[in-house]
Amino acid sequence: MNWPKELNNKIKKTESLSKYTTFRSGGKAAFFAFPGSAGQLKLLVCTAKKNKLPIRIIGAGSNILAADRLKRSMVIKLSAPEFTGIAFRGNRVYVGAAVALPRVLKICCDKGLGGLEFLSGIPATVGGALVMNAGAWGRNISNLVERAKVMDYNGKIRHLSRRAINFSYRGSGLSRYIVLECILMLNRKSRKSIKDKIRGYLLRRRKTQDLSNPSAGCIFKNPKDYPAGMLIEACGLKGLAFGGAAVSQTHANFIINKNKASSSDIIKLMGFIRREVKKKTGIQLEPEIKIWD
Ligand SMILES: Cc1cc2nc3c(=O)[nH]c(=O)nc-3n(C[C@H](O)[C@H](O)[C@H](O)COP(=O)(O)OP(=O)(O)OC[C@H]3O[C@@H](n4cnc5c(N)ncnc54)[C@H](O)[C@@H]3O)c2cc1C
């Protein structure tokens, strides 16, 4: 495939996704691109489209399970300075899609801007958090979003209001776009109260989640009436292993990469859990993670 010369040094070939996912598993992407600007991103998107090459966007890779043998595609990672800015205007934060969520929390805390604390410990980028409508302890990032700047797959920039984004439980209409930036609306708070809350949320996580092994957080969405972890535990599946993948002993909705698990180990384990939970409780679990085939 011929890429425009402006994209020289921006595209790697046959790049392993295990380096870019928190599961530390997954096969090779035919093309892996790091655009240096929105202009280069547009060029990438348009060239891929002309060549019928499917595109996927990766943030921190903390909610992605990439198959061991991936179909031919191009994975795009935003990491250039154009996508990592943070600026403040009053209580509004203008933040680039590639900024790590923990960094946003830290900087907002230093500025005395609160509201994001419940997201402490989520290892996402801002773009991934928006697309997934990341949340915890009963709250979601959608409540803080005023607007998002996105690029569509024709390279056109759009500005979407919160309403137009159509947020849902662990999802949003942003999955049809490439998120470039967003505006978050926060509240003035004392630094001490923000820090205390962050500390409290991190402690709760450490007590209830397995953070010492690679994972993608919760594997399944919570069904209407019961948390997925409670159902999996009730079916006696804690500790169950397939190859190097195991159901966490700490949190049954976490699958951990205990010993060089392949993505197919994880997929097999997920399939077994779904069948067992359906058989024993009648409830069909739906994956929260994105499976790239
Ligand atoms: C230890 C651990 C704890 C976790 N705890 C939580 C939790 O409490 N709550 C929660 O909600 N999640 C949690 N997660 C899951 C995960 O962190 C979130 O889903 C997060 O929002 C994913 O962000 P990311 O940047 O890693 O996105 P990725 O995993 O890279 O991508 C997720 C999806 O977003 C898309 N995407 C990413 N960036 C962009 C972009 N710029 N434009 C368009 N599409 C994009 C991808 O294509 C993919 O479909 C946890 C994960 C781990 C490993």
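Residues numbered from 1 in each chain as written. Predicted model: local features only at pLDDT ≥ 70, side-chain atom pairs only at ≥ 80, totals over all residues. Heavy atoms only, no water.

1. What about the site of the ligand?
Then, number 1: The environment of the ligand is made up of 33 residues, and the closest members are I57, G59, S62, T125 and G135.
Then, number 2: In the environment of the ligand, an oxygen atom lies 2.5 Å from a nitrogen or oxygen atom belonging to the backbone of I57.
Then, number 3: Of all the elements in the fold, those that place two or more residues in the shell around the ligand are strand 3 (55–58), helix 3 (126–132), strand 9 (135–136), strand 13 (178–185), strand 15 (215–218) and strand 19 (290–292).
Then, number 4: A breakdown of the residues in the shell around the ligand according to their chemical character gives 19 nonpolar, 11 polar and three charged. (Near = heavy atom within 4 Å. Polar contact = N/O pair within 3.5 Å; in protein donor to acceptor, adjacent residues only side chain to side chain. Helix = DSSP H or I, 4+ residues; strand = E, 2+ residues; numbered from the N terminus. Nonpolar A, V, L, I, M, F, W, Y, C, P; charged D, E, K, R; others polar.)

2. Here's the deal with helix 2 (residues 101–110)
Then, number 1: Taken as a whole, helix 2 has its buried residues at L101, V104, L105, I107, C108 and C109.
Then, number 2: At its buried positions, helix 2 is contacted by strand 6 (86–89), strand 7 (92–96), strand 8 (113–114), helix 3 and helix 5 (191–208).
Then, number 3: Looking at the residues trailing helix 2, positive phi occurs at G112, about 75°. (Buried < 20%, exposed > 50% of the residue type's maximum accessible area, 1.4 Å probe, protein only. Contact = heavy atoms within 4.5 Å.)

3. Quick word on the nonpolar core
Then, number 1: M74, L78, L101, L116, L119, L130 and L184 are the most contacted members of the largest nonpolar core, which has 59 residues in total.
Then, number 2: Setting aside chain neighbours within four positions, we find L116 in contact with V104, L105, C108, L144, L184 and L186.
Then, number 3: The next biggest cluster of nonpolar side chains, apart from the first, holds 22 residues, and it includes I232, A245, V247 and I289. (Core = buried A, V, L, I, M, F, W, Y, C linked by side-chain atoms within 4.5 Å.)

4. With respect to the sheet that holds strand 12 (residues 157–161)
Then, number 1: Taken together, five strands build an open sheet; the order of strands is 6-7-13-11-12 and the sheet is antiparallel. The open sheet has two edge strands with one neighbour each: strand 6 and strand 12. Taking each pair of neighbouring strands and ignoring which way they run, the sheet shows an average axis angle of 15°.
Then, number 2: Strand direction decides the pairing type here: strand 6 and strand 7, joined by four bridges, are antiparallel. Counted as the bridge partner of A87 is Y94 from strand 7.
Then, number 3: Along the sheet face, helix 2 touches strand 6 and strand 7 and points at about 35° away from the line of strand 6. (Pairing = 2+ DSSP bridges. Axes fitted to C-alpha atoms, helices over the stretch in contact; angles between N-to-C directions.)

5. Focus on the domain arrangement of the chain
Then, number 1: Per the domain assignment, the segments of the chain are domain 1 (5–77), domain 2 (84–193) and domain 3 (211–292).
Then, number 2: If you average the C-alpha positions of domain 1 and of domain 3, the two centres end up 27 Å apart.
Then, number 3: Both sides together, the interface formed by domain 1 and domain 3 hides about 1400 Å², and carbon and sulfur atoms give 60% of it.
Then, number 4: When residues of domain 1 are sorted by the area they lose upon contact with domain 3, F23, N63 and L65 head the list and together hold 51% of the total.
Then, number 5: Linking domain 1 to domain 3 there are zero salt bridges.
Then, number 6: Our count for the contact surface shared by domain 1 and domain 3 stands at 12 residue pairs in polar contact (both at pLDDT 80 or more).
Then, number 7: Secondary structure elements with two or more residues in the side of domain 1 that touches domain 3: strand 3 and strand 4 (64–66). (Domains from an automatic or database assignment. Buried area = accessible area lost by both parts, 1.4 Å probe. Salt bridge = Lys/Arg side-chain N within 4 Å of Asp/Glu carboxyl O.)

6. Here's the deal with unusual backbone geometry
Then, number 1: The backbone of N133 shows a phi angle near 50°, a positive value even though the residue is not glycine.
Then, number 2: Of the residues examined, N133 reaches a relative accessible area of 2% and is grouped as buried.
Then, number 3: Look at R170: it is not a glycine, yet its phi comes out positive at around 55°.
Then, number 4: Here R170 lies in the loop between helix 4 (162–165) and strand 13.

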